[in-house]
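Coordinate analysis (summary)
Below, each chain spelled out in residue letters.
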Amino acid sequence: MKVASKPASVSQSLTPHDVARIRANFPILGERPHGKPLVFLDSAASSQKPVQVIEAMDDYYRRYHANIHRGIYHISELATEAYEEARSKVARFIGSPCAAECIFVRNATEGLNLVAYAWGRQHVGRGDVILLTEMEHHSNLVPWQILAQEREATLRFVPITKDGQLDLRSLDRLLAGAKIFAFTAVSNTLGTINPVTELAARAKSAGAVSVVDACQAVPRMPVDVTQWQCDFMAFSSHKMLGPTGIGVLWGRKELLDSMPPFLTGGGMINVVEYERSTYADVPARFEAGTPAIAEAVGLGAAVDYLQGIGMERVHNYEHELAQIALDKLGALSNVTIYGPGIEHRTGVISLTVGDIHAHDLASILDRLGICVRAGHHCNQPLMEKLGVPATTRASFYIYNTPEEIDLLVRGIEEAKRIFKIA
Amino acid sequence: MQDDFSGMEELYRDFILDHYRNPRNAGTLEGADATYEDNNPLCGDRIRMDLKLRDGVIEDIKFKGRGCAISQASASLLTEVVKGKTVAEAARIGKEDVLENLGIQISAARLKCALLGLKVLKEALSLAAPDL
């Protein structure tokens, strides 16, 4: 590992020097879209990749690519070791006591579908309740809608407050009769940090399993499933410096052991006859077909990179950037920021500017080299609730700087000038 | 460093902003011969058009929508263009005509915004005059 494995400072955040060293690891930050330096403020959608991740995958393809498991030759053994080592790294990273509890899937979406299919179809019946929240990403909503329709179950939603936090006053009533409580750890639209430990505990006392969408949490804060005491948790590699095409479903071992397969075929079987088969133990039972081996290696390298920095520092730095952004953007006239105050949020900021539609604002920012997301952020019902068709979302990560926030502010001022807004 | 804002004015000329903020033929029509509504699921732009025909001519047209300046201005401009035209003439309007009317550079990512109004118009026309 070249850089970032030994931080230069022991401060609890990142110094400008640390950030400069981190930025040097991200080749894409040297790109100049429209002739401008790339200001990448869309990491909540997908983060950029450090050379350590790119090289780990490159090295795998150059030196030891082969299909894993059962290959009786050296490079297949190397590939198998690397794939399983990545699983162990992920397990340690999220505080899982057992690597077999980490299932490699395509992304968090597939992980959540797996739970809805394999656990949900076994346990949810007519009249049962599936509890969600009003701030779920479509990926933690649509699989449950389909399960509810199939099983004639009822969907309920924990409402949100005006400032975009979960309103937990009626949680006990909502949890009555619930088999599943699925919720996000961090809102991808509002940046709200939810009290996962409390929510999981209350699900448990109501007899429901807890399913945590941790897509926005795992990249940006210390996550420990043993502390959360949840039952299932899913996240994607590509939002945490790793490659696309791989994600993780974590589940408590006894739950996973009791579940039937989701996708079926090679690699997930024990004994196969023409008429019937028995299935492999977890995690193999849920990893049918040749998995994303290079991507697992890349994810392992991303975990190493983040652990080299320390998740506490990642979280604190992002919090600092969020504070700066809230202060500077909040001081602009005709800018509305959605979501809670700094103490309950992370570096994901959704806003609107006067009557400028999010896409127009994003187009103008794009010409300045600034990448933001515009639209409903896979969160259409929440947008309806906020009463806006779309917002513009800026999200920050370890390679962003306060100077980039200044550029965002200037870009917004420019958009206001073009749209003739004071 | 980032003082070069050229091209931005090209993207949002005054008449685009004018059509966005003061859309022409805005609203709905009582007793319309055809109504069609569509949206762009990726960005949430939404447009509805109502048509009234007499003797093969678009006697009246109204639209209602929400979305970005480009989608709304494009739809507004289109209603001005087709009002009073025959159905056959309106049906011949193509993508290039719409972009030429807008007269601005549209990036690939925004093409769907610019062309949503045309898509809705075509669907409404085929409802109103299925034989065409």
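A brief look at the structure comes next. Since the structure is predicted, the reported quantities are computational estimates derived from the model, not experimental observations.

Some words on the nonpolar core
Residues and elements named next belong to chain A. Grouped together as the largest cluster of nonpolar side chains are 153 residues, with contacts concentrated most on W228, M233, I398 and F419. Among the elements that take part in this core, helix α10 (residues 293-309) stands out by supplying 11 residues, more than any other. Two domains each provide a minimum of three residues to this core, namely domain 1 (16-50 + 309-418) and domain 2 (55-307). In this structure, W228 is in contact with A185, V196, T197, A200, V212, A214, A217, V223 and M233, ignoring residues within four places of it in sequence.

Digging into the packing of helix α2 (residues 14-21) of chain B against helix α3 (residues 69-82) of chain B
Residue and element names in this part refer to chain B. Their axes nearest at 8 Å, the elements α2 and α3 cross at an angle of 85 degrees. Put simply, α2 runs roughly perpendicular to α3. In this structure, α2 contributes F15, I16, H19 and Y20 to the contact, and α3 contributes A69, Q72, A73, S76, L77 and E80.

Quick notes on the packing of aromatic side chains
All names here are of chain A. Tallied over the full model, the rule gives 10 aromatic pairs over all chains. Seen from their ring centres, Y117 and F262 are 5.2 Å apart, and the 50 degrees between their planes marks the pair as tilted. Taken as a pair, Y117 in helix α4 (residues 108-123) and F262 in the loop between α9 (253-257) and β9 (269-272) lie far apart in primary sequence, 145 residues in all. Given a relative accessible area of 38%, Y117 falls into the partly exposed group. Each residue in the set F26, Y305, Y397 and Y399 is aromatic and connected to the rest through ring pairs, giving one cluster.

Observations regarding the pairing of strand β3 (residues 57-66) of chain B
Residues and elements named next belong to chain B. Inspection of the sheet shows strand β2 (residues 45-54) paired to β3 by nine bridges, in the antiparallel sense. The residue bridging M49 from the neighbouring strand is F63, located in β3. Hairpin connection from β2 to β3: two residues lie between these consecutive antiparallel strands, with D55 at a positive phi of about 50 degrees.

Brief notes about the interface of chain A and chain B
Counting residues at the interface gives 23 residues for chain A, matched by 25 residues for chain B. Together, R367(A), R410(A) and F419(A) form the three largest contributors to the area buried by chain A at its contact with chain B, with a combined 22%. At the junction of chain A with chain B, the criterion picks out four salt bridges. With a shortest N-O distance of 3.0 Å, R110(B) and D360(A) are connected by a salt bridge. Put simply, chain A and chain B have 10 residue pairs in polar contact (both at pLDDT 80 or more) between them.

Some words on the sheet that holds strand β6 (residues 209-213) of chain A
Residue and element names in this part refer to chain A. Spatially, seven strands are ordered β2-β8-β7-β6-β5-β3-β4 in an open sheet, and the strand pairing comes out mixed. Single-partner strands in this sheet number two, and they are β2 (102-105) and β4 (154-158). For this sheet, the mean angle separating the axes of adjacent strands, direction not counted, is 20 degrees. Packing against the sheet, helix α5 (residues 142-151) makes contact with β3 (129-133), β4, β5 (178-184) and β6, and its axis sits at approximately 160 degrees to β3. Docked against the sheet, helix α7 (residues 196-205) engages β5 and β6, running at close to 170 degrees with respect to β5.

Digging into the layout of surface pockets
The space that makes up the largest pocket amounts to roughly 1100 Å³. What lines the largest pocket is a set of 50 residues, and nearest its centre among them are D42(A), V372(A), R373(A), A374(A) and L42(B). Broken down by secondary-structure element, the contributors of at least two residues to the lining of the largest pocket are α4, α12 (358-367), β13 (370-371) and β14 (373-375) of chain A together with α6 (111-128) of chain B. If one sorts the elements of the lining of the largest pocket by residue count, α12(A) sits on top with five residues. Each residue belonging to the lining of the largest pocket can be placed in one class, and the counts come to 19 nonpolar, 21 polar and 10 charged. Both domains that meet at the lining of the largest pocket, namely domain 1 (16-50 + 309-418) and domain 2 (55-307) of chain A, each give it at least three residues.

Details of the side chain of S74(B)
Residue and element names in this part refer to chain B. Residue placement: S74 occurs in helix α3. What makes S74 buried here is its relative accessible area of 3%. Beyond its immediate stretch of four places on either side in the chain, S74 contacts A69, V98, L102 and A114.

Each value, and the rule that gives it
- Residues numbered from 1 in each chain as written.
- Chains lettered and ligands numbered in written order.
- Predicted model: local features only at pLDDT ≥ 70, side-chain atom pairs only at ≥ 80, totals over all residues.
- Heavy atoms only, no water.
- Core = buried A, V, L, I, M, F, W, Y, C linked by side-chain atoms within 4.5 Å.
- Buried < 20%, exposed > 50% of the residue type's maximum accessible area, 1.4 Å probe, protein only.
- Helix = DSSP H or I, 4+ residues; strand = E, 2+ residues; numbered from the N terminus.
- Domains from an automatic or database assignment.
- Contact = heavy atoms within 4.5 Å.
- Axes fitted to C-alpha atoms, helices over the stretch in contact; angles between N-to-C directions.
- Parallel < 35°, antiparallel > 145°, perpendicular 65-115°, else oblique.
- Phe/Tyr/Trp six-rings, centres within 6.5 Å; stacked < 30°, edge-to-face > 60°.
- Pairing = 2+ DSSP bridges.
- Buried area = accessible area lost by both parts, 1.4 Å probe.
- Salt bridge = Lys/Arg side-chain N within 4 Å of Asp/Glu carboxyl O.
- Polar contact = N/O pair within 3.5 Å; in protein donor to acceptor, adjacent residues only side chain to side chain.
- 1 Å grid on protein atoms, 1.4 Å probe; cavity = no way out; pocket = protein on both sides within 12 Å on 5 of 7 lines; lining within 4 Å.
- Points joined across faces, edges and corners; volume = space filled by probe spheres on them.
- Nonpolar A, V, L, I, M, F, W, Y, C, P; charged D, E, K, R; others polar.

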